[in-house]
Amino acid sequence: MIYTDGKQFLLEGKNYGYAMFVNGDGFLQQLHYGGKMKREDVAYLAETYASIVPNHWINKDEAFDYLPSEYGFYAKGDYKEPTAIFERQDGASMSRLRYDSYRVEKDAPKIVGMPHVRSGDETLVITLKDDFSDIEVDLYYTVCENSDVLVRNAVIRNVGKKPVMLKRAFSFRVELANGEYQLLRLAGRWGQERIPEIAPVAHGLTRIHSLRGSSSHQTNPFMGILRKDCGEESGECYGVQLVYSGSFALTAEWSKYGALTLQGGINVTGFGWELRGGESFVTPQVLLTYSNAGMGEISREIHDFLRERIINPAYAFKRRPVVINNWEATYFDFDNEKLCAIITAAANLGIDTFVLDDGWFGNRTNDFAGLGDWFVNEEKLKGGLKKVSACCKEHGMKFGLWFEPEMVNEDSELFRAHPDWALCKEGVEPMRSRQQLVLDFTRKEVVDYIFGVVSKIIKENDISYIKWDMNRYVSECYSASLPYHRQGEVMHRYILGVYDLAQRLLDEFPDLFIEGCAGGGGRFDAGMLYYFPQIWTSDDSDGYERTKIQCGTSLCYPLSSMSCHVSVCPNHQTGRTVPFDTRGRIASLGAFGYELDVTKMTDEEKESVKAQIEAYKRTDRLILNGELYRLSNPLESNYFCMLVVSKDKSEAYVVGERGLCIPFWSDKFYPRIRLRGLDNNAFYEIEELKTVLSGGALLGAGLPLPKTGDFGSWAWHLKKVR
């Protein structure tokens, strides 16, 4: 709900309140973001905040450093990091934004060309005007009454005639009342993405960012702000999550004055955007989430919001295909006969979709050639993809195909014909990460060409599934199509080109299912989930390491968004051997599939695959729509354990894994784990334990953890019986 008298504003979600007011000098100040309050309380807060500046100060200009501003200006007394900087033709960039007007709109704004929240209840739009230029800023706040997520972004408009250069264009600012805070970030690297790190917020500026042209393996566009006593199940905390996939920044700035200032959006390093007269610049949306019940509740709120309002509604709650991917089975070494053998064996096991990975196109026999040449290599695949597609149809399977549409090898027909289509500067030796260059997706003709050739392949070969990969970052931030003063637009224009291609493919093929990938989990963010219902979680598919990666990812992404496969052992990334059952159970906590050569499996392993698929189909509805509880964190203990409960609390699924065996535990003394999210007064049958226990017993006393060997696992299926 949105309440306002034109000077005071109160926004309310399920459990939060967000209050602002316009002070006597016409500046929009933040009053409160946290638990709910009464409308009558806003006036009291406005009165106390109006007198926040010490009485002995005569120069009010210096007061802005104290005031909790809704959108920070530059070089006129607000010494915190500015939210936006707009430079005029004379080089001046000082600004001072005052309140002008407001309006309330139904639903959520539709942003052309960028991912956005698909629905909302109401949107408050507040317009600020700059004292010194022809810039106006519209601040958007979308409220959903049944959610604790508040959606923010800004639109910067040049209402004059002369161009202005945007040097910074963050999406939001929010200031939290003084307190001891900790910052949670999801950090990592290739093969070890989204590992949670928590540290106290120190004096000064803390920045989480990526300069890589993507959200990256190293950082994720999510930031948790936790009160000192906050944990998984209790305490006050906030989530800040960008709906954006390019170079980004999220900042937390704390000073001795007390307030903690949070901001973020498009990364400012190298950024510059020419905003001509009459033009507008739309910043990416950010999801702000509040909880007074710990990080577990933040996660559940975000999961519901992404599934209900971001992910493509055609697939958000639709059963996902069970996939077999040939990459780790064959790498580049395959032909029709080898692929058809895999398809035949997979179909007999109950797998329903075959995805042909890298190596089917151009002169592609290794990493050094062929990218960009999206036509079939008929020397390798006699008769083209139609034979592979026909083999899939014959065995009742769907056919999927791997593309890396944003990249090009210099040894390719595409590059030889259009060397200027790569992001690089003539005369400057480019960086050749993974032996490839990045195509210039800032150029419409490049995106048009890729759309045309990819569409042709899809139409001609009955493709229902695409794995969209991206195996290197953007390094050469230069486009031959832009003048010198607009090179600062390259990074943002690049990701807009990626979004454009994804949307055009989905418009052309409404039933097409696209799985995202970026050298593993290098572009796993809410922006990509708008187009791709699931994303390859990590190239590290080890059944033990994945517990850490999936646990961290679950902090702000639903299980259904994580593509999780059973792979061969010894694992190709770690060399570790993990029991087959464990690999299946960990992979069942996501979109399920296989990454191995089924033709080389033993009869026992094949029977295990059949059982795993049957078990997954019993629980996949919970993965799509259930509420997640992290019961044991593998980064902090020797155990991993997750519980997923149906919305009506009638059933639940528990998966756990033990790390290394350690001495001391005996048959009489073994650790227990308490369940969460169940109906305290109901009784549940636990199938594997052949017992019935009350929700109260399961929540209060818990269950003893099974005794297993190294990397052993267990699964419990719970069903309410009365």
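You'll find the structure just up there.
Computed from a prediction, not measured in an experiment: that's the story for all the values here.

The rules behind each value
Residues numbered from 1 in each chain as written. Predicted model: local features only at pLDDT ≥ 70, side-chain atom pairs only at ≥ 80, totals over all residues. Heavy atoms only, no water. Disulfide = S-S within 2.5 Å. Helix = DSSP H or I, 4+ residues; strand = E, 2+ residues; numbered from the N terminus. Buried < 20%, exposed > 50% of the residue type's maximum accessible area, 1.4 Å probe, protein only. Axes fitted to C-alpha atoms, helices over the stretch in contact; angles between N-to-C directions. Left-handed = near helix turned anticlockwise from the far one by under 90°. Contact = heavy atoms within 4.5 Å. Nonpolar A, V, L, I, M, F, W, Y, C, P; charged D, E, K, R; others polar. Expected span 1.5 Å × (residues − 1). Pairing = 2+ DSSP bridges. Core = buried A, V, L, I, M, F, W, Y, C linked by side-chain atoms within 4.5 Å.

**As for the state of the cysteines**
Covalent bonding between the sulfur atoms of two cysteines defines a disulfide.
Logical step 1: Counted according to the given criterion, the structure contains one disulfide.
Logical step 2: Here Cys-340 is linked by a disulfide to Cys-391, with a sulfur-sulfur distance of 2.2 Å. Across the disulfide from Cys-340 to Cys-391, rotation about the S-S bond amounts to roughly 85 degrees, and the bridge is consequently right-handed. Of the two residues, Cys-340 is situated in helix H4 (residues 336-349) and Cys-391 in helix H5 (residues 385-394); the sequence distance between them amounts to 51 residues.
Logical step 3: Owing to a relative accessible area of 27%, Cys-340 belongs among the partly exposed residues under this scheme.
Logical step 4: Since its relative accessible area comes to 4%, Cys-391 is described here as buried.

**Here's the deal with the packing of helix H7 (residues 444-460) against helix H8 (residues 490-508)**
Logical step 1: Between H7 and H8, the shortest axis-to-axis distance is 10 Å and the interhelical angle comes to 30 degrees. Handedness of the H7/H8 crossing: right-handed. In this structure, H7 uses Val-447, Asp-448, Ile-450, Phe-451, Val-454, Ser-455, Ile-458 and Lys-459 to contact H8, whose residues at the interface are Gly-497, Asp-500, Leu-501, Arg-504, Leu-505 and Glu-508.
Logical step 2: In terms of residue class, the contact of H7 with H8 is built from seven nonpolar, two polar and five charged.

**Considerations on helix H10 (residues 545-553)**
Logical step 1: Judged by how many residues are buried, H10 sits mostly within the fold: nine of nine residues are covered.
Logical step 2: Restricting attention to buried positions, one finds in H10 the residues Glu-545, Arg-546, Thr-547, Lys-548, Ile-549, Gln-550, Cys-551, Gly-552 and Thr-553.

**Observations regarding helix H2 (residues 294-309)**
Logical step 1: End to end, H2 covers 23 Å across 16 residues, agreeing with the expected 22 Å (1.5 Å per residue, within 8%).
Logical step 2: Of all 16 residues in H2, 14 are buried; the element is thus mostly enclosed.

**A look at the sheet that holds strand S28 (residues 534-536)**
Logical step 1: Pairing within the closed barrel is parallel, and its eight strands lie in the order S21-S22-S23-S26-S27-S28-S29-S30. The sheet shows a mean angle of 30 degrees between the axes of neighbouring strands, taken without regard to direction.
Logical step 2: Of the strand pairs in this sheet, strand S22 (residues 353-356) and strand S23 (residues 398-403) are connected by four bridges, and their pairing is parallel. By the bridge assignment for S23, Thr-353 is matched with Lys-398.

**Considerations on the nonpolar core**
Logical step 1: Judged by nonpolar contacts, the single largest core of 186 residues is most densely connected at Tyr-141, Leu-262, Ile-324, Phe-354, Leu-356, Trp-360 and Tyr-594.
Logical step 2: A total of ten residues in this core trace back to one element, the largest contributor, which is H8.
Logical step 3: Counting residues in each nonpolar core, the second largest holds 21 residues, with Tyr-639, Ala-652, Ala-682 and Leu-718 among its members.

By themselves these figures say nothing about function.
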